[in-house]
Amino acid sequence: MSEPRKLEVLRAIVEDYVHSREPVGSKALVERHHLGVSSATIRNDMAALEDEGLITAPHTSAGRIPTDKGYRLFVDQISAVKPLSHAERRAIQALLEGADDLDDVLDRTVRMLSQLTNQVAVVQYPHLSRATIRHIEFVLLAPRQVLVVLIATTGKVEQRVIDIGQDLGDDAIAALRTHFLGSLAGISLSRLTSSLPGVVSSVSPGQRAAAQALAHGLETLAHSSREERMVMAGTANLARSNVDFPLSIGPVLEALEEQVVLLRLLSDMAQDPRGVAVSIGRENPYDGLAEASVVATGYGPDSTAKIGVLGPTRMDYPTTMAAVRAVARYLSRILGP
C-alpha cells in the first residue's frame, strides 16, 4: 500500500474511533470515507497497518482501534494547528478580560479550556524567578495585627495577617509601608530575602521589632509565591470517559491529585514547531498515565509555565491542540506587560 493511502486509512480509523468509541471495520470506512478503493483493499490495508503496530483488534472484535504508535503517527501528520472559530475566540477573550487578578485569570482559563475540550485542563502558575515586586501594602486591622500584602509583576497577590509584637498607630504603619515599598519596589522576588536586613536596620529603633516582623511576613509571602503550583478544572470529564480507561481510572486520578507528577511532566514536555507538545499513552514517563494523553504548550513572556489538557488517548487531537494553543496565546496577552 502506498504511504499516502496508509496515512489516509489511519486518519479515517482514528477519526471514526474518536467520534464513535466503537472499533472501526473496513465496511464502515468505505461507507463513511471517500477512499476510492474497495472494502477488500481496505481490509488488506488494515492488515498492513496492524502488522506495523499502528492499529489493533480489541478482544474478538472485527473492528480495529488505533494504538499509541498509531495516534503518534496521526498527530505527527497534523501539519498545522487549525484556528478556533470566531465565536470561540470571542468567548475566550470576553471571559479572560473580565478577571480581577492572577488567581481569577488562571481559574477562568482552566474552566474555559476544560469546556472547549471536554477534558481535564491544567495550568501552572507562572514561574516567578524573574518576577519583581510591584506593590507592598500594610493594613492595621487591630492592635498589633497587620495585614501584609505582596503583589508581584505577574499579578500574583499573596497576603497574610501577622502579629507585629508592638502597638503602632495607622500613621506609623503607613510610614513603614512607604519605607519598605520605596526600598523594595522593582527588585526580584529571589533577591527579597537578602534585601530585607538593610531595610529593617534603617528603621528607627523604636519600630524595629515591628519592622522585623513585617520583613519576616514578606519573606514568607515571597516563598509562597515561588512554590510550584497549578490549577485544574474538569475532573468530572474523566469520570464520563470511564470506558476509555479499561484498566482503571484510579491511577489517572492519583496523578492529578499528586500534582508534582503533572508539574514534572508539563515541565519536561518540549514544544514542537507547531507550538504544542503532545505526549501519548505509554510515552508518558508516569505509569499511571499509560492510558492518557497530555497536550500542552507554554505561555507568558518566556513560555516556561505550561498550560494543557489531559484526557484519554482516544482524544480529538486537532481540536484539543487548537484550543490549548489559542487559550495559551490569550493568557499570554492578558498577563503581558
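Attention here is on the structure that accompanies the text.

Cut-offs used in this document
- Residues numbered from 1 in each chain as written.
- Predicted model: local features only at pLDDT ≥ 70, side-chain atom pairs only at ≥ 80, totals over all residues.
- Heavy atoms only, no water.
- Core = buried A, V, L, I, M, F, W, Y, C linked by side-chain atoms within 4.5 Å.
- Buried < 20%, exposed > 50% of the residue type's maximum accessible area, 1.4 Å probe, protein only.
- Helix = DSSP H or I, 4+ residues; strand = E, 2+ residues; numbered from the N terminus.
- Pairing = 2+ DSSP bridges.
- Axes fitted to C-alpha atoms, helices over the stretch in contact; angles between N-to-C directions.
- Contact = heavy atoms within 4.5 Å.
- Expected span 1.5 Å × (residues − 1).
- Parallel < 35°, antiparallel > 145°, perpendicular 65-115°, else oblique.
- Left-handed = near helix turned anticlockwise from the far one by under 90°.
- Nonpolar A, V, L, I, M, F, W, Y, C, P; charged D, E, K, R; others polar.
- Salt bridge = Lys/Arg side-chain N within 4 Å of Asp/Glu carboxyl O.

Considering the nonpolar core
Core analysis: the biggest nonpolar cluster contains 58 residues, and L29, Y299, Y317 and M321 have the highest contact counts within it. Here the element with the most residues in this core is helix 13 (residues 317–335); it accounts for eleven residues. Core analysis: the second largest hydrophobic core is formed by 32 residues, I164, L168, A215 and L218 among them.

Regarding unusual backbone geometry
In the Ramachandran plot, R21 falls in the positive-phi region, its phi being about 65 degrees despite a non-glycine side chain. Note on placement: R21 falls in the loop between helix 1 (3–20) and helix 2 (26–32). The exposure class of R21 is partly exposed, given its relative accessible area of 35%. Here R144, not a glycine, exhibits a phi torsion of approximately 70 degrees, which is positive. Within the secondary structure, R144 is located in the loop between strand 4 (133–142) and strand 5 (145–152). Among the residues examined, R144 registers a relative accessible area of 35% and is labelled partly exposed.

Let's talk about the sheet that holds strand 6 (residues 157–163)
Ordered in space as 4-5-6, the three strands form an open sheet in which the pairing is antiparallel. Two strands bound the open sheet, and with one partner strand each, they are strand 4 and strand 6. The sheet shows a mean angle of 20 degrees between the axes of neighbouring strands, taken without regard to direction. With seven bridges joining them, strand 5 and strand 6 adopt antiparallel strand pairing. Across the sheet, residue L150 finds its bridge partner in strand 6, namely E158. Those strands touched by helix 7 (residues 170–184) are strand 4 and strand 5, and its axis lies near 165 degrees from that of strand 4.

Section: helix 1
The end-to-end C-alpha distance of helix 1 is 26 Å, a good match for the 26 Å that 18 residues give at a rise of 1.5 Å each. Restricting attention to buried positions, one finds in helix 1 the residues K6, V9, L10, A12, I13, V14, D16, Y17 and V18. Structurally, helix 1 contributes buried residues whose contacts are with helix 2, helix 3 (39–51), strand 1 (55–56), strand 2 (65–66) and helix 4 (68–76). Trailing helix 1 by a residue or two, R21 shows a phi angle of about 65 degrees, which is positive.

Examining the packing of helix 7 against helix 8 (residues 192–201)
At their nearest, the axes of helix 7 and helix 8 sit 10 Å apart, and the two run at 135 degrees to each other. It follows that helix 7 is oblique to helix 8 by the angle criterion. For the crossing formed where helix 7 meets helix 8, the hand is right-handed. Across from H179, F180, S183 and L184 in helix 7, the residues of helix 8 making contact are L192, S195, L196, V199 and V200. For the contact of helix 7 with helix 8, the class distribution of residues is six nonpolar, three polar and no charged.

Here's the deal with the sheet that holds strand 3 (residues 120–124)
On the basis of which strands lie adjacent, the open sheet formed by five strands has the order 7-3-10-9-8 and antiparallel pairing. Only two strands of the sheet have a single neighbouring strand rather than two, namely strand 7 (230–233) and strand 8 (277–280). Strand after strand, the sheet turns through a mean of 15 degrees between neighbouring axes, direction not considered. Taken together, the four bridges between strand 3 and strand 10 (residues 305–312) define a ladder with antiparallel strand orientation. Paired with V122 across the bridge in strand 10 is G308. Across the face of the sheet, helix 12 (residues 259–268) comes into contact with strand 3, strand 7, strand 9 (292–299) and strand 10 while running at roughly 75 degrees to strand 3.

Re the pattern of salt bridges
Within the structure shown, the criterion is met by 13 salt bridges. Between E15 and R11 there is a salt bridge; the shortest N-O distance is 2.7 Å. Of this pair, E15 and R11 are both found in helix 1, four residues apart, which corresponds to roughly one turn of the helix. Put simply, R144 and D167 hold a salt bridge, and the shortest N to O gap is 3.5 Å. Of this pair, R144 sits in the loop between strand 4 and strand 5 while D167 sits in the loop between strand 6 and helix 7, and the two are 23 residues apart along the sequence. Among the residues examined, D167 registers a relative accessible area of 54% and is labelled exposed. Connected through shared salt-bridge partners, E8, R11 and E15 make up one network.

A closer look at the pairing of strand 9
Side-chain direction in a regular strand flips from residue to residue, so the side chains alternate between the two faces of the sheet. Strand 9 sits mainly inside the fold: eight of its eight residues count as buried. Both faces of strand 9 are covered, namely the face carrying A292, V294, A296 and G298 and the face carrying S293, V295, T297 and Y299. Direction of pairing for strand 9 relative to strand 10: antiparallel, over a ladder of eight bridges. Residue pairing across strands places V294 opposite L310, the latter belonging to strand 10.

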